[in-house]
Structures are given as structure tokens and as C-alpha cells.
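These are the residues of each chain, in order.
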Amino acid sequence: GPKLAANLSTLTGHGSTKLDEAYARLTSLQAWRVFVLEERMSPEALGFYSEAQNDGLTSSVLISIGLWRPAMKSLRSLIENILHSLYFNDHPVEYRLWDEGKFRPTFKDLFEYFLSHPDNSSLPETLKGAGELKRHYSHLSNVVHASAREFRMTNEIETLKLWNTTADGIGKWASTHKKVLRDANLLILSLFAIHLQGAAQKGVREALALTIPATRDT
């Protein structure tokens, strides 16, 4: 109650721009959905995509009240659901097996699939979203499991600390959020670029400008 309100006030005080930019970046996922994916992706795959969108929003809400590690965990879940969405869109039979509890691809398998995918592997290094997403996933797994001292919420003398409302905390979250959304968009772009040829899908192009640096436009 009062503590959450206080956290929100503190974080919006020194992190409102970062929160606004994060919400803006999330519009790229919605633009893909509305202009491209809903017509070309199976309903089953779109289910995972919806979860990814929800993870992005959840992460922003959690960081706005100081729940730093859960916010980072939601970013990791966003990556997981994007991978599943794109993979099962390519593999309807495997989805049916997954739905019956008979198939569970590991994240190692998923990353290897996209790293070797001809639409991704033939791109310049600066446009290969899959490889960067794999690095972000590893980083976020370390954060979630507190596998390094720098990611701990407590120190040796504190017994419990639920919040991180520091400018440094939201800065680290925002930096990771920016990279995850950039490379998720690059992965989607590698697989659906044909639908953005010429002047097609102006809305998607405008949304991508919020996530992909201008240096990579050409």
C-alpha cells in the first residue's frame, strides 16, 4: 500500500523518462502483431506472442514499484515467449505434441534453431538478433538466480530487501530492456522482412525506429 505508492513516487521522480521510453518500445511488438503477425501467424503461436507482450508490460509495472528482480525475470520471460511463438509458428506438429505434454524444447535447442535459421544466419552480425538474445537470456538468468554478487538484492548484513528504487537500479533495467526489445525486433524482422518490402507497413517501420538504432537502418 503506502510503501508501493512511495516507491512509485520515487521511481517516477528519477526514472519517468526511462519508463516512458520502455512503454514506447513495447509498441513495436503491438505494431508487428496488428500489421503483420495476426494475418500470418497461427493462433497457437500468437498465444505465446500475447504472453511476451504481457511480460513486457508486467516488467514495466514491476520496476515502477521497485520490484527489480521480478522485473528482470519478466524480461527473461519475454524472450522465452518470443522464441516459443516464432518456433511453434514454424512447427505446428511440435506444437500439438507440446500441447499434449509430449514435447518440451530446451532454450538451447530454440537458440540453436534460430542461430542456424537461413533467414537469420545469412545476415550481417549487427542484424543477428538471435545471438544477442541468447546473451541477454544468459545475463537475465544470472540476475534471476542471483548467480553473481552484483545481482543480489541483499548484502551480508541485511536479511530482507524487497525493493530497489535507486536510479542505478532502474538504469540497469532500462538498459537491458532496450537491448532485449532491439534484438527481439531484429529476430522478428529477419523472419518477416519480406512483408516490409518497399513502402509496405509504414506503421511497423515507424515503431521499429523506436527500438532499432538508426545506424542499422540501411
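Residues numbered from 1 in each chain as written. Predicted model: local features only at pLDDT ≥ 70, side-chain atom pairs only at ≥ 80, totals over all residues. Heavy atoms only, no water.

## Here's the deal with the pattern of salt bridges
The criterion, for reference: Note on definitions: salt bridges are taken to be side-chain nitrogens of Lys or Arg within 4 Å of carboxyl oxygens of Asp or Glu. Working definition: helices are DSSP H or I runs of at least four residues, strands are E runs of at least two. Numbering for both runs from the N terminus. For the exposure calls, accessible area comes from a 1.4 Å probe over protein chains only, and a residue counts as buried if that area is under 20% of its type's maximum, exposed if over 50%, partly exposed in between.
Overall, the coordinates contain 9 salt bridges when judged by the stated rule. Across the pair Lys108 and Glu112 runs a salt bridge whose closest N-O atoms are separated by 2.7 Å. Placement of both Lys108 and Glu112 in helix H5 (residues 107-116) is noted, with a separation of 4 residues, approximately one turn of the helix. We classify Lys108 as exposed; its relative accessible area is 54%.

## A closer look at the environment of Arg25
Definition in use: By definition, residues are in contact when any of their heavy atoms lie within 4.5 Å.
When you line up the elements, Arg25 lands in helix H1 (residues 2-40). For Arg25, a relative accessible area of 7% corresponds to the buried category. Considered as a pair, Arg25 and Lys178 are 153 residues apart in the sequence and their alpha carbons are 7.6 Å apart. The residues contacting Arg25, other than those within four sequence positions of it, are Ala174, His177, Lys178, Leu181, Leu210 and Thr211.

## A short note on the nonpolar core
Applied cut-off: Nonpolar cores were defined as sets of buried Ala, Val, Leu, Ile, Met, Phe, Trp, Tyr and Cys residues, with membership established by side-chain atoms within 4.5 Å.
Trp32, Leu86, Trp173 and Phe192 are the most contacted members of the largest nonpolar core, which has 53 residues in total. Broken down by secondary-structure element, the contributors of at least two residues to this core are H1, helix H2 (43-64), helix H3 (68-90), H5, helix H7 (129-144), helix H8 (167-192) and helix H9 (202-208). Of all the elements, H3 adds the most residues to this core, at 11 residues. The residues contacting Leu86, other than those within four sequence positions of it, are Met41, Phe114, Leu187, Ile188, Leu191 and Phe192.

## Focus on the confidence of the model for the protein chain
Condition: The score called pLDDT rates the predictor's confidence residue by residue, from a low of 0 to a high of 100.
The predicted model of the protein chain has a mean per-residue pLDDT of 85, with 81% of residues at 70 or higher. Within the protein chain, H1 has the poorest average pLDDT of any element, 81, and helix H4 (residues 92-99) the best, 97. Considering only residues more than four positions removed or in separate chains, one finds that residues 151-160, a stretch of pLDDT under 50, has 17 contacts.

## A closer look at the packing of H3 against H4
Basically, it comes down to this: Orientation is described by axes fitted as lines to C-alpha atoms, over the contacting stretch for helices, and by angles from 0 to 180 degrees between their N-to-C directions. Geometric relationships in this document are graded by angle, where less than 35 degrees denotes roughly parallel, more than 145 denotes roughly antiparallel, 65 to 115 denotes roughly perpendicular, and other angles denote oblique. Under the scheme applied, nonpolar residues are Ala, Val, Leu, Ile, Met, Phe, Trp, Tyr, Cys and Pro; charged residues are Asp, Glu, Lys and Arg; polar residues are all the others, including Gly.
The N-to-C vectors of H3 and H4 enclose an angle of 120°; their axes lie 5 Å apart at closest approach. Considering the angle they form, H3 stands oblique to H4. Contacts from Tyr87, Phe88, Asn89 and Asp90 of H3 reach H4 at Pro92, Glu94, Tyr95 and Trp98. Its residues assigned to classes, the contact of H3 with H4 shows 5 nonpolar, 1 polar and 2 charged.

## Regarding the packing of H3 against H5
Formally: In a left-handed crossing the near helix is turned counterclockwise from the far helix by less than a right angle, and in a right-handed crossing that turn is clockwise.
Packing of H3 against H5 brings their axes to within 10 Å, and their N-to-C directions diverge by 60°. By the criterion of interaxial angle, the relationship of H3 to H5 is oblique. For H3 against H5, the interelement crossing comes out left-handed. Residues Ile79, Glu80, Leu83, His84, Leu86, Tyr87 and Asp90 of H3 form the contact with H5, whose participating residues are Phe107, Leu110, Phe111, Tyr113 and Phe114. Grouping the constituent residues of the contact of H3 with H5 by class yields 9 nonpolar, 1 polar and 2 charged.

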